[in-house]
Amino acid sequence: MENSNQTVPFHFFLLGLSTVPQLQVLGFLLLLVVYIIALLGNGLLLITVRISPTLHTPMYFFLCNLSIIDIFVSSTVVPVILKNTLSTDKSISVTGCALQMFFSLVGGVAECLLLTVMAYDRFVAICKPLHYSSIMNMRFCVILALIPWTLGLVNSFIHVPVVFIGLSFCRNHFINHFFCEIPPILR
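All of the points below concern the structure found in this document. Please read these numbers as outputs of a predicted model, since none were measured by experiment.

**Digging into the nonpolar core**
Moving on, step 1. Ranked by internal contacts, the top residues of the largest apolar core, which has 14 residues, are Phe 62, Ile 69, Leu 114, Val 117, Met 118, Met 136 and Leu 144.
Moving on, step 2. Broken down by secondary-structure element, the contributors of at least two residues to this core are helix H2 (58–86), helix H3 (94–127) and helix H5 (138–166).
Moving on, step 3. Ranked by residue count, the leading element in this core is H3, at five residues.
Moving on, step 4. Those residues in contact with Leu 144, other than ones at most four positions away along the chain, are Phe 62, Val 117, Tyr 120 and Met 136.

**Considering a nonpolar patch on the surface**
Moving on, step 1. A surface patch of nonpolar side chains, about 250 Å² in accessible area, is lined by Val 25, Leu 29 and Leu 86.
Moving on, step 2. Within the secondary structure, Val 25 sits in helix H1 (residues 21–51).

**Focus: the environment of Gly 152**
Moving on, step 1. Its location among the elements puts Gly 152 in helix H5.
Moving on, step 2. The buried category is assigned to Gly 152, whose relative accessible area is 0%.
Moving on, step 3. The sequence separation of Gly 152 and Glu 111 amounts to 41 residues, and the corresponding C-alpha distance is 8.8 Å.
Moving on, step 4. Not counting chain neighbours up to four residues away, the residues in contact with Gly 152 comprise Val 106 and Val 109.

**Topic: the packing of H2 against H3**
The geometry of a pair of packed helices is captured by two quantities: the angle between their axes and the separation between those axes.
Moving on, step 1. For the pair H2 and H3, interaxial distance at closest approach is 9 Å and the crossing angle is 160°. The orientation of H2 relative to H3 falls into the category roughly antiparallel. Two packed elements cross with a definite hand, and for H2 against H3 that hand is left-handed.
Moving on, step 2. When the residues that make up the contact of H2 with H3 are grouped by side-chain class, the tally is 17 nonpolar, six polar and three charged.

**Describing the layout of surface pockets**
Moving on, step 1. There is about 210 Å³ of room inside the second largest pocket.
Moving on, step 2. What lines the second largest pocket is Leu 46, Val 49, Arg 50, Leu 55, His 56, Thr 57, Tyr 60, Phe 61, Cys 64, Asn 65, Ile 68 and Met 138.
Moving on, step 3. When contributions to the lining of the second largest pocket are tallied by element, the ones reaching two or more residues are H1 and H2.
Moving on, step 4. Looking at the lining of the second largest pocket element by element, the count peaks at five residues for H2.
Moving on, step 5. Partitioned by chemical class, the residues of the lining of the second largest pocket number eight nonpolar, three polar and one charged.

**Considerations on the pattern of salt bridges**
Moving on, step 1. Throughout the structure, instances matching the rule amount to one salt bridge.
Moving on, step 2. When the shortest N-O distance is used, the salt bridge between Asp 121 and Arg 122 registers 3.2 Å.
Moving on, step 3. A residue is classified by how much of its surface remains accessible, and Asp 121, at 1% relative accessible area, is buried.

**Notes on the environment of Ser 134**
Moving on, step 1. Examined against the element boundaries, Ser 134 turns out to sit in helix H4 (residues 132–135).
Moving on, step 2. Note on Ser 134: relative accessible area 49%, which makes it partly exposed.
Moving on, step 3. A distance of 2.9 Å separates the side chain of Ser 134 from the backbone oxygen of His 131, its partner in a polar contact.

**Observations concerning the packing of aromatic side chains**
Moving on, step 1. For the structure on display, the rule yields seven aromatic pairs.
Moving on, step 2. Plain terms: the ring middles of Phe 72 and Phe 103 are 5.9 Å apart, the flat faces sit at 90° to each other, and that makes the pair edge-to-face. Taken together, the residues Phe 72 in helix H2 and Phe 103 in helix H3 connect sequence positions 31 residues apart.
Moving on, step 3. A connected cluster of aromatic rings, assembled from ring pairs, spans Phe 72, Phe 102, Phe 103, Trp 149 and Phe 157.

**Notes on the side chain of Thr 76**
Moving on, step 1. With respect to the secondary-structure elements, Thr 76 resides in helix H2.
Moving on, step 2. Looking at Thr 76, the relative accessible area reads 14%, which means it is buried.
Moving on, step 3. From its side chain, Thr 76 meets the backbone oxygen of Phe 72 in a polar contact 2.7 Å long.
Moving on, step 4. Leaving out residues up to four positions away in the same chain, Thr 76 has contacts with Gln 100, Phe 103 and Ser 104.

Rules of the game
- Residues numbered from 1 in each chain as written.
- Predicted model: local features only at pLDDT ≥ 70, side-chain atom pairs only at ≥ 80, totals over all residues.
- Heavy atoms only, no water.
- Core = buried A, V, L, I, M, F, W, Y, C linked by side-chain atoms within 4.5 Å.
- Buried < 20%, exposed > 50% of the residue type's maximum accessible area, 1.4 Å probe, protein only.
- Helix = DSSP H or I, 4+ residues; strand = E, 2+ residues; numbered from the N terminus.
- Contact = heavy atoms within 4.5 Å.
- Patch = residues over 30% accessible without salt bridge, like charges linked within 9 Å, V, L, I, M, F, W, Y side chains within 5 Å.
- Areas by Shrake-Rupley, 256 points an atom, 1.4 Å probe, with all protein chains shown as cover.
- Salt bridge = Lys/Arg side-chain N within 4 Å of Asp/Glu carboxyl O.
- Axes fitted to C-alpha atoms, helices over the stretch in contact; angles between N-to-C directions.
- Parallel < 35°, antiparallel > 145°, perpendicular 65-115°, else oblique.
- Left-handed = near helix turned anticlockwise from the far one by under 90°.
- Nonpolar A, V, L, I, M, F, W, Y, C, P; charged D, E, K, R; others polar.
- 1 Å grid on protein atoms, 1.4 Å probe; cavity = no way out; pocket = protein on both sides within 12 Å on 5 of 7 lines; lining within 4 Å.
- Points joined across faces, edges and corners; volume = space filled by probe spheres on them.
- Polar contact = N/O pair within 3.5 Å; in protein donor to acceptor, adjacent residues only side chain to side chain.
- Phe/Tyr/Trp six-rings, centres within 6.5 Å; stacked < 30°, edge-to-face > 60°.

Purely geometric stuff here, so don't read any function into it on its own.
Here it is, written out as C-alpha cells:
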C-alpha cells in the first residue's frame, strides 16, 4: 500500500489576474468590452457572408468557420474569467475545469489547423487559379473544415483524461492562472 494522500479535490481555486479591487473592476470592464466587440464582430461577419451571395466562396466559408471557432473559444474562457474577476468565490469544480480545458483545447487546435487549411486555400487560389473551382469545391471545403474540429476533439480526448485521471491532486488546489489550462494545472 502507498502511504501518499490520494484525496481528490472537489474544487480548484483560480487566482485570477489581480487582487487589487480597482484593477479588478477595470479589468472586468475592459475584458467585457473586448468580449462584446469580439462577439459582435464575428457575428457581423457571419451575417454579412450569409446574406451576400457574392461572398459564398471557399475563402469566406473558411472565414466563417474561423469566426465560429473564435466565438466558441472566447465563450469557453471569458465568462469564467469575468465571474472570477469580481467574485470573492474564485472556485471552479474539477468537472468544470476539465470541461473548460477540453473545449478550449478543441477550439485552440481547431483554430490552428483551420489557419493551415486557409493557407492551403490561398495556395491553390494563387498557384492553380484555373483549377481553383474544381479543386476547392463545396464538398472538399466541408471536409477540410471538419478535419480541424475532428483533430481538436481527438487531441482533447487524449490530453484532458491524462491530466485529470493520470495525475493526483493531493497538494495545493490553487491555480495561479485565470482559467483552466494544462501548464498551470500541472504546476
